[in-house]
Amino acid sequence: MRREDLGDLMAFLTVAEEQSFTKAAARLGTSQSSLSLIIRRLEARLGLRLLTRTTRSLAPTPAGEQLLLTLGPALGDIDAQLSALTEFRDKPAGNFRITAGQHAIDTLIWPKLSKLLRDYPDIKVELNAESALTDIVTDRFDAGVRLGDQIQKDMIAVPVGPMARMICVAAPSCFDQLAPPSTPQELTEHRCINLRLPSYGGFYAWEFEKDGHEMRVRVDGQVAFNGVPQTITGALDGYGIAYLHEDAVREHLIRGRLVQVLADWTPPFPGYHLYYPSRRHPSPAFSMLVDALRHKPAR
């Protein structure tokens, strides 16, 4: 492979990721016309059309999709090997991209990373807040953070937080005229606040478990949101029962602004984990980042 071939492949990968010549050109520091010429040159050399272009959209062709499946892991391995070379430097250094949900970033990831990055200015981190599950290999992330039961078995997983728990909460006024539910089925008699998540393609079905019996309940109510902070606000304002991470509403529970219901139906489960491909060769900087994020239970 010639050196320019690798550059052309990187250009194609960037255009496919951004789904835009304009955005890809800005990311690569080149012009849109030059980038378009590179892609046409690559397509001519391969004798294949790699991208379908219209006035409003850009997407890989089946051949382009196949090339992306090959390029993503290969370039990820190259990045990992280049990062590993930083062990020959006096100070740990490297650029890392991490995908995680906004809640995990706010409560776990950033508080720990902030301390690390202050002491090691040559370590650079990009945090991508995304609620949908992400293929970190294809999308060229160095690592991701998700709940333990959402991680693929072929990944290395490191706990970065304690056991987690989803709970049902509401403002005390919600039960002035109707008694709190004693079973998940009784939620259908109450106003509830729905949460729409991109990864689920609709409203999130609330999950419950008791004595080995699992249950999923779809609720209804006057309002719905696609973000946790707004859902908390709706619950505080008395618009119904909400289903949220316990640590996101703990302060409101302590102060009595919210009350918990169905506590015996919401047991704890494996919390947030940092995960990355098992074939990755951790550089000193990446190993330091993992250790900084690792959950260390209080003794």
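Being a predicted model, the structure only gives us computed values, none of them experimental.

J.: Explain the state of the cysteines here, please?
T.: Structurally, a disulfide amounts to a covalent bond that connects the sulfur atoms of two cysteines. Overall, the coordinates contain zero disulfides when judged by the stated rule. With no disulfide of its own, Cys 168 has Cys 192 as its nearest cysteine by sulfur position, at a separation of 7.5 Å. Note on Cys 168: relative accessible area 0%, which makes it buried. Of all cysteine sulfurs in the structure, the one in Cys 192 sits closest to Cys 174, which takes part in no disulfide; the separation is 9.1 Å.

J.: Honestly, the sheet that holds strand β13 (residues 242-245) in this entry has me stumped. Any pointers?
T.: Strands belonging to one sheet form pairs held by backbone hydrogen bonds; the direction of such a pair is parallel or antiparallel. If you walk across this open sheet you meet the three strands as β13-β7-β14, and the pairing is antiparallel. Every interior strand has two partners, whereas the edge strands, β13 and β14 (259-261), have only one. Neighbour-to-neighbour, the strand axes of the sheet open up by a mean angle of 50 degrees, direction not taken into account. Direction of pairing for strand β7 (residues 166-170) relative to β14: antiparallel, over a ladder of three bridges. In the strand pairing of β14, Val 169 is matched with Gln 260.

J.: Can you help me understand the nonpolar core in this one?
T.: Note on soluble globular proteins: their nonpolar side chains tend to be buried together. The biggest cluster of nonpolar side chains holds 44 residues, and the ones touching the most others in it are Val 145, Cys 168, Leu 187, Trp 206, Phe 208 and Ile 241. In terms of residues, this core owes the most to one element, helix α5 (residues 102-119), which gives six residues. Sequence-distant contacts of Phe 208, that is, excluding residues within four places in its chain, are made with Cys 168, Pro 184, Leu 187, His 213, Glu 214, Met 215, Val 217, Tyr 243, Leu 262, Trp 265 and Thr 266. Counting 18 residues, the second largest nonpolar core, distinct from the first, contains Ala 11, Ala 16, Ala 25 and Leu 35.

J.: Explain the packing of aromatic side chains to me, please; I cannot follow it from the model alone.
T.: For any pair of aromatic rings, the description rests on two quantities: the centre-to-centre distance and the angle between the ring planes. Counted under the stated rule, the structure contains five aromatic pairs. With a centroid separation of 5.0 Å and 90 degrees between ring planes, the pair formed by Tyr 276 and Phe 286 is classed as edge-to-face. Here Tyr 276 is found in strand β15 (residues 272-277), whereas its partner Phe 286 is found in helix α8 (residues 284-293), with ten residues between them in sequence. Accessibility expressed as a relative area gives 1% for Phe 286, which makes it buried. Aromatic rings pair up to connect Tyr 204, Trp 206, Phe 208 and Tyr 243 into one cluster. The ring of Phe 141 has Arg 97 lying over it, and the distance from NZ or CZ to the ring centre is 4.1 Å. Directly above the aromatic system of Phe 203 lies the positively charged group of Arg 196, at a separation of 4.2 Å from the ring centroid.

Conventions adopted
Residues numbered from 1 in each chain as written. Predicted model: local features only at pLDDT ≥ 70, side-chain atom pairs only at ≥ 80, totals over all residues. Heavy atoms only, no water. Disulfide = S-S within 2.5 Å. Buried < 20%, exposed > 50% of the residue type's maximum accessible area, 1.4 Å probe, protein only. Pairing = 2+ DSSP bridges. Helix = DSSP H or I, 4+ residues; strand = E, 2+ residues; numbered from the N terminus. Axes fitted to C-alpha atoms, helices over the stretch in contact; angles between N-to-C directions. Core = buried A, V, L, I, M, F, W, Y, C linked by side-chain atoms within 4.5 Å. Contact = heavy atoms within 4.5 Å. Phe/Tyr/Trp six-rings, centres within 6.5 Å; stacked < 30°, edge-to-face > 60°. Lys NZ or Arg CZ within 6 Å of the ring centre and 35° of its normal.

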